[in-house]
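Okay, here's what each chain looks like letter by letter:
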Amino acid sequence: MARTTAIPATSELYIPSRKSNVSIKENILQTHSLPQVDTPPKSPVSGTPQRNGENGYYRNEELGGPIHSERQLDIIVIGAGASGLCLAYKLQRSFSNFSLTMYEKNPDISGTWYENRYPGCACDVPAHNYVFSWEPKKDWSAVYVGNEEIKSYFKGFAAKYDLNRYIRVNQQVVEAAWDDPTGKWTVKVRNNATGAATERTCDILVNASGILNNWKWPDISGLDTFRGKLLHSANYDNSYELTGKHVGLIGNGSSGIQILPAIHPKVKAVTTFLRTPTWVTLLQGFEQHKYSQQELEEFATKEGTLLAWRKDAESNVNKIYTMFLNGSKMQESTFKQVRGQMQTKLKNDVDLQETLIPQWGFGCRRMTPGINYLETLCEDNFEVVFGSIDKITPDGLCAQGREYPVDVLICATGFDTSFRPRFPILGRKGQNLQYLWSVEAHSYMGVAAPEQPNYFHFLGPNCPIGSGPLVGAIGEYSRSKCKDCRADIPLEAQADYILRWCDRWQTENIQSFTPKHDAVEDFAEHTDLFMRDTIWKSGCRSWYKSNTIDGRVSALWPGSSLHYFEAMQYLRADDFEVVYKGNRFAWLGNGFSQTELDKTCDLAYYIRESDDSAFLSKGKQRQVLTKSGTVVQEPEPQLVDEDGEWRAWC
Ligand SMILES: Cc1cc2nc3c(=O)[nH]c(=O)nc-3n(C[C@H](O)[C@H](O)[C@H](O)COP(=O)(O)OP(=O)(O)OC[C@H]3O[C@@H](n4cnc5c(N)ncnc54)[C@H](O)[C@@H]3O)c2cc1C
Ligand SMILES: NC(=O)c1ccc[n+]([C@@H]2O[C@H](COP(=O)([O-])OP(=O)(O)OC[C@H]3O[C@@H](n4cnc5c(N)ncnc54)[C@H](OP(=O)(O)O)[C@@H]3O)[C@@H](O)[C@H]2O)c1
C-alpha cells in the first residue's frame, strides 16, 4: 500500500531565526563577567571585537569566557535557624562569585531554639541525631538535651564556619517582590531595633522562616480579660516565678507534655485542659539519661563509637516507616504495645486511660517521649479537665459549666501551620503567595511555590517532617566516600536541591525558573492519593493537617524520609518553566573548557587502567551509595522483641 506523508502547516514547522532583539553580545556579556577592555582590538579575520589568547588565537569577545563560567549570584535567605545555617554552610563550601545576606528578625540566631525557652523545652529525638549529618557533637550532656544546649550547637556551628558575616540580626523581612524584566527579587526589611526600613535585591530568594515559628494564642473568648499572668510556650517569659502558683495549662502537644513535669516541683497546683487524647511513649534503648564521664570519653576518644551510635539510632528511625501505613503489622503491634505502656503508667486510673489514650492510629499526630508526663498527671496536685474550654474569665477558665480559677495561664497551644506566608511574597505579575496559599498550600515537592520564580521554601508544604529525622531532611543525609559515586555525591535533600538550581542558574545563562502549574497540581494530587491510606488520616486533630481533624495533610511528604532524599536527588528541570537570559547556549562560551585553563589539573583525567567511572543508572548509584550488600537488617517484626517491648524509636 502506498504511504502518504502529511505536510505540516507552516506554523508547525521549525523556522530557524533570531528570536530575540537582544544582541548576542548583550546576552553573553550578561552571562560572563569579562574584564573590561577600553577599546577591544578587532579580529583581522571577522572584524569583530576580540581578545587575544595567550598564543595569538582570535576569539570573538561576544563569546565570553570558558564553558560554565560562574556569573555573580546574589542570594537572600530569610531566617537564621537550622535551615538558613545549613544553606549558608553549603553555599560557602561549594560556590564562588556569590553574595549572601541572611535576614533574621530576632536579636540572635538558631530560630526554634532561641524562641522556645519554656520550662522543660528539649529535643524529642536523641540529640546525637539532631545534628547536621557531617557535624556530630561528642559532648551532648544527655540523650535528650534542653534548648540552651541545642542553641549553643547552632551558634557554635555558625561561629566555626564563619557564617555570622552573612547574618543581619534584628532585620525582619516585610515584603518580597519579583521583577520580571530584571529577573530579580526586591526584599524589604524592617530593623526591629531601630524601626529603619531598607531594601535589597537578589537573584534567588530562599525562605527559611520556619514551619513552627508563628506561635498562636488559642481561639477562646475572654482570653484578653484574664487578670493573671498569661504565657505562651513559644514566647515564654522566664523571669516570671511560678513557685507557689496555681497554674492553668492548655494543651497536650509536644510543648505542653514537656512543660507539665518541668513545672511540677515548683507549683502549688496545676489544672491542665486537654481536648484530645495523645500518644506518649518512651522507647526502649532511648530512655533519657545523662551521659556518664565514661560514655562521654568513649564518644570523644574511641574511634567509631559515636558514629555507630548515631547510625544505629538513625537506622531505627528509618525502619519504622511502615508504621504510618494503615493496616501494617507494625502499626498494629505498636498500637497495642504503647497502649499497654500508657495504661501501666496511668496507674490504672480508668478515667485518665479512657480520655488520654487515643483510638486513632499511633503516629497520627507527632508522638513524644513525654518523659514523666503520664506519671506526673497521676500526682495529687494535678487536675485534668478534659473537653473544650467554654471561655476564659478574669480569674480562670470555664469548662463544662464550671469555673477553674488559676493564677497563671500557660497556653501550649502551638503554631499557625497553614504555610500562608506572614508577609507579601509577590511573584510573577504580582501574584501574592499569601493569596495563592490562603486555602490550601500546594508546593512543588515541598521546596518551591507556584508563580514564584527563583524562589525556594525550606520545610514547605508536604515535606518529610513526620516520619524521620528532621535535620537530616534539611541537610544532607549521608556521605559516601566510594569512588564510584560521582564526585562523592550524598543522598540529597532540600539544601542540596536548592543549591543545584543555584549552580544551574550561575553557569547556564538562566534568568528565571518557576515550577509549572501542572507539576505543582500533579504533585498535590499524587500526595492526596498517597495520604488516603496513611495513619495521618486516622481521625486525630494535628498541625500536619493545619490543626484540623479531616483536612488535607499539608505538612507531610508522600513517602519515607529515605524516599524523599532519593526524590530530591534530581532537579527535574522539565517540571519548571525556564527562561534564559537571551541565547540559551551562551554558557558554551568561547569554546574553552575550564580544565584547559586550570594549570594545576590533569588534562587526561579520563584515561584509566580499569573502569572506575560512576554508574549511570539510579539503581546502581543507589546501591553504591547505600553500601548495599554489606548490612543484614533485622526483619521488620523484630522491632517488637520477645517480651512485646518495642525497640525502635521515633
Ligand atoms: C519547641 C520545639 C521543639 C522542637 N523539637 C524538635 C525535635 O526534637 N526534633 C526535630 O526534628 N524537630 C524539632 N522541632 C522542629 C524544629 O522547628 C526544626 O527541627 C528546626 O529547628 C527548624 O529549623 P528552621 O531553620 O527551618 O526554622 P526555625 O528554627 O523556626 O527558624 C526560622 C528563623 O526564621 C526567622 N524568621 C521568620 N520570619 C522572618 C522574617 N520575616 N524575617 C526575618 N527572619 C524571619 C525566625 O526568627 C527564625 O529564627 C521543634 C520545634 C519546636 C517549636
Ligand atoms: N522536641 C519536642 O519535644 C517538641 C516540643 C515542642 C514542640 N515540638 C514540635 O512542635 C510541634 C507543635 O507542638 P506544640 O505542642 O507547640 O503544638 P501542638 O502540637 O499543635 O499542640 C497544641 C495543643 O494546644 C491545644 N489547643 C490549641 N488550641 C486550643 C483551644 N482553643 N482549646 C483547647 N486546646 C487547644 C491542642 O489541642 P488539640 O490537640 O485538641 O488541637 C493541642 O493539645 C510538635 O508537634 C513538634 O513537632 C517538639
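Counting of residues starts from 1 at the beginning of each chain's written sequence and follows it residue by residue. Each chain gets a letter, beginning with A, and each ligand a number, beginning with 1, in the order they are written. In keeping with the model being predicted, local features are shown solely for residues with a pLDDT of at least 70 and side-chain atom pairs are shown and tallied solely at 80 or more, while totals for entire chains, interfaces and linings include all residues.

An unreviewed UniProt entry annotates the protein chain as Monooxygenase originating from Lophiostoma macrostomum CBS 122681. Recorded in UniProt for the protein chain, the comment headed Sequence similarities (unreviewed entry) runs: "Belongs to the FAD-binding monooxygenase family." UniProt positions are given in the numbering used here, feature names are shortened, and annotations may be inferred rather than shown by experiment.

On to the overall build of the protein chain, then. A run of DSSP states H or I qualifies as a helix once it reaches four residues; a run of E qualifies as a strand once it reaches two. Both are numbered from the N-terminal end. Within the protein chain one finds 17 helices and 21 strands. Neighbour counting defines burial: a residue surrounded by 20 or more other C-beta atoms within 10 Å of its own C-beta is buried, one with 12 or fewer is exposed, and intermediate counts give partly exposed, using backbone-placed C-beta atoms. Counting the 650 residues in the protein chain, one finds 41% classified as buried.

What follows covers the sheet that holds strand β10 (residues 229-232). A sheet is described by the order of its strands in space; here five strands give the open sequence β10-β17-β11-β12-β13, paired in parallel fashion. Lying at the two open borders of the sheet, with one neighbouring strand each, are β10 and β13 (382-386). Strand-to-strand twist of the sheet, defined as the mean angle between neighbouring strand axes without regard to direction, takes the value 20°. Here four bridges tie β10 to strand β17 (residues 408-411), and the two strands are oriented parallel to one another. Directly across from Lys229, in β17, lies its bridge partner Val408. DSSP-based pairing: two strands are paired if at least 2 bridges between them are found. Note on geometry: axes are C-alpha line fits, over the in-contact stretch for helices, and angles between N-to-C directions span 0 to 180 degrees.

Quick look at the nonpolar core now. With 139 residues, the main nonpolar core has Val77, Leu85, Ala88 and Val206 as its most contacted residues. If you tally residues by element for this core, the top one is helix α2 (residues 82-94), at seven residues. Of the domains in this structure, domain 1 (75-214 + 418-580) and domain 2 (223-306 + 319-411) are the two that each give at least three residues to this core. What counts as a contact is two residues whose backbone-derived C-beta atoms lie within 7 Å of each other. Residues in contact with Val206, not counting those within four places in the same chain, are Ile75, Val77, Leu87, Phe456, Phe458 and Ile498. For this analysis, nonpolar core means a set of buried Ala, Val, Leu, Ile, Met, Phe, Trp, Tyr and Cys residues linked through C-beta atoms within 7 Å. Start and end points for every domain follow an automatic or database-based domain assignment.

Any residue qualifies as near a molecule or strand once its backbone-derived C-beta atom lies within 6 Å of it. Contacts to ligand 2 come from 28 residues, most closely from Asp124, Gly251, Gly253, Thr276 and Gly414. Of all the elements, helix α5 (residues 254-263) adds the most residues to the shell around ligand 2, at four residues. Across the shell around ligand 2, the residue classes break down as ten nonpolar, 13 polar and five charged. Both domain 1 (75-214 + 418-580) and domain 2 (223-306 + 319-411) contribute no fewer than three residues apiece to the shell around ligand 2. Classification used: nonpolar for Ala, Val, Leu, Ile, Met, Phe, Trp, Tyr, Cys and Pro, charged for Asp, Glu, Lys and Arg, polar for all others including Gly.

Next up on the list: unusual backbone geometry. The phi angle at His68 is positive, at roughly 60°, despite the residue not being glycine. For Arg572, which is not glycine, the phi dihedral falls at a positive 50°. Tracing the chain through its elements places Arg572 in the loop between α15 (561-567) and β21 (576-580).

The pLDDT value tells you how sure the predictor is about a given residue, anywhere from 0 up to 100. Summary statistics for the protein chain give a mean pLDDT of 87 and a share of 84% for residues scoring 70 or more. Segment residues 18-24: pLDDT under 50, and five contacts once partners within four positions in sequence are set aside and those in other chains are kept. With pLDDT under 50 throughout, residues 473-492 is counted as low confidence; its partners more than four residues away or in other chains account for 65 contacts.

By definition here, a helix of n residues has an expected span of 1.5 Å times n minus one. Between the first and last C-alpha of helix α8 (residues 329-345) there are 24 Å, a value that for 17 residues agrees with the 24 Å anticipated at 1.5 Å per step. Packing partners of the buried residues in α8 comprise α9 (350-356) and α10 (373-377).

With that out of the way, let us pick up the sheet that holds strand β14 (residues 391-392). Spatially, β14-β15-β16 is the arrangement adopted by the three strands of the open sheet, whose pairing is antiparallel. Strands at the two margins of the open sheet, each flanked by one partner only, are β14 and β16 (402-405).

Turning next to the pairing of strand β20 (residues 510-515). Most of β20 is tucked away: five of the six residues are buried. Pairing geometry for β20 and β21, over five bridges, is antiparallel. Following the sheet pairing, Thr514 is matched in β21 by Glu577.

On to the packing of α2 against helix α13 (residues 494-507). Two packed helices can be described by the angle between their axes and the distance between those axes. Where α2 meets α13, the closest approach of the two axes is 10 Å, and the angle between their N-to-C directions is 45°. Comparing the axis directions of α2 and α13 gives the class oblique. Considering the relative orientation of α2 and α13, their crossing is right-handed. Contact with α2, carried on its side by Cys86, Leu87, Lys90, Leu91 and Ser94, involves Ala495, Asp496, Ile498 and Leu499 of α13 and no other residues of that element. Within the contact of α2 with α13, the residues separate by chemical class into six nonpolar, one polar and two charged. Convention used here: angles under 35 degrees read as roughly parallel, angles over 145 as roughly antiparallel, angles from 65 to 115 as roughly perpendicular, and any remaining angle as oblique. In this scheme the crossing of two helices becomes right-handed for a clockwise turn of the near helix relative to the far one and left-handed for an anticlockwise turn of less than a right angle.

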